[in-house]
Amino acid sequence: RSSSMTVPRPENELDLSRRKFVSAAAAAAAGWLLTSCGPKRLYDVPPERLKEAIREMEAGYAEAFGAQVAVSDAGPLPGVEFAYALDISRCVGCRRCVYACVEENNQSRDPQVQWIRVLSMELEGGVDFSESDPYYDPDLVPEEGHFYVPVQCQQCRNPPCTKVCPTGATWTEADGIVVIDYDWCIGCRYCMAACPYGARHFNWSQPQISVDELNTETHYLGNRPRPKGVVEKCTFCIQRSRQGRYPACVEVCPVGARKFGNLLDPESEIRYILENKRVLVLKEELNTLPRFFYFYGT
């Protein structure tokens, strides 16, 4: 998958301003509907007001992008707690997961925002972040004498990021996904400073997404188009996982290094890995209790 794309330009600057205004106005209207009467949690909002907010949001996106964008408000599934496992011994550092994530989750292409970072490390040094290289660029991967550690949101049980948010814009859902409500985010970036994994990212400028590559199947708490000045991150592809599908990075991995499933299901692959493989979590000493596990399958 390629990270490059052509950003369509309107005929004149006035048209560009109009498109931005319409998109921002729709988001603001939806935000007002969801927040003006007090509740902060998406599912605490009266159903009729939530439906109205989503209709306004979808209409704004249709005007801004010239495409029908569906915004889901699907909640957590009962009896489900999502978890992720990554086989370090299989990962080849191809970064296909990075670009599949960008395309699936409507991340900005110019400048490009990436929710997944792949770190190259030397076999002799082991897992050592201080010596890792996120900018490796060999002719071929995997490189001899190296292994790779992809890092993204660890979906912690004890997330420091949610504790520092002054507006309550980020929280943990019942299925284990740490989410962000972009209409409540004020861009203070306290959560970015608190995250020990560098997993949160800030939109410094108006995100640029091609209409041709826009993913129109979105979730309110996930991959819907974001405005300038908010924080975003991996949500286990909430728009997919809550429909019983794998995250995009799992599907695209050419070597099957990525595993995903329900931690509460004793018959799931994720439970088998935790019970039978050599498993580790990143920065265990911080007691963040990630739901993202690394293991050695071979």
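Residues numbered from 1 in each chain as written. Predicted model: local features only at pLDDT ≥ 70, side-chain atom pairs only at ≥ 80, totals over all residues. Heavy atoms only, no water.

1. Some thoughts on the overall build of the chain
Phase 1: Broken down by element type, the chain carries eight helices and twelve strands.
Phase 2: Counting every position in the chain, which comprises 298 residues, the buried fraction comes to 49%.
Phase 3: For the chain, restricting intrachain contacts to residue pairs at least 6 apart in sequence, the fraction spanning at least 24 positions comes to 68%. (Helix = DSSP H or I, 4+ residues; strand = E, 2+ residues; numbered from the N terminus. Buried < 20%, exposed > 50% of the residue type's maximum accessible area, 1.4 Å probe, protein only. Contact = heavy atoms within 4.5 Å.)

2. Some remarks on the side chain of Asp175
Phase 1: Mapped onto the secondary structure, Asp175 falls in the loop between strand 5 (170-172) and strand 6 (178-180).
Phase 2: The exposure class of Asp175 is buried, given its relative accessible area of 0%.
Phase 3: Beyond its immediate sequence surroundings of up to four residues, Asp175 is in contact with Pro76, Val80, Glu81, Phe82 and Arg242.

3. Topic: the packing of aromatic side chains
Phase 1: This model, assessed by the stated rule, comprises nine aromatic pairs.
Phase 2: Consider the rings of Phe202 and Trp204, whose centres lie 4.8 Å apart with planes at 75 degrees: the pair is edge-to-face.
Phase 3: In this structure an aromatic cluster arises from ring pairing among Phe82, Tyr84, Phe236, Phe260, Phe292 and Tyr294.
Phase 4: One residue, Arg95, lies across the ring of Tyr136, its end atom 3.8 Å from the ring centre.
Phase 5: Seen from the ring of Tyr220, Arg224 lies directly overhead, with NZ or CZ sitting 4.3 Å from the centre. (Phe/Tyr/Trp six-rings, centres within 6.5 Å; stacked < 30°, edge-to-face > 60°. Lys NZ or Arg CZ within 6 Å of the ring centre and 35° of its normal.)

4. With respect to the sheet that holds strand 2 (residues 82-87)
Phase 1: Pairing is mixed across the open sheet formed by four strands, whose spatial order is 10-2-12-11. Single-partner strands in this sheet number two, and they are strand 10 (258-262) and strand 11 (278-280). Strand-to-strand twist across the sheet, computed as the mean angle between neighbouring axes with direction ignored, equals 30 degrees.
Phase 2: As judged from the three bridges shared by strand 11 and strand 12 (residues 292-296), these two strands associate in the antiparallel manner. Bridge pairing in strand 12 places Val279 opposite Phe295. (Pairing = 2+ DSSP bridges. Axes fitted to C-alpha atoms, helices over the stretch in contact; angles between N-to-C directions.)

5. Structural notes on the environment of Gln154
Phase 1: Here Gln154 shows up in the loop between strand 4 (146-151) and helix 4 (160-164).
Phase 2: Given a relative accessible area of 1%, Gln154 falls into the buried group.
Phase 3: The spacing of Gln154 and Phe292 is 138 residues in sequence and 5.0 Å in space, taken between C-alpha atoms.
Phase 4: Residues contacting Gln154, with those up to four places away along its chain left out, are Tyr197, Leu282, Pro290, Arg291, Phe292 and Tyr294.

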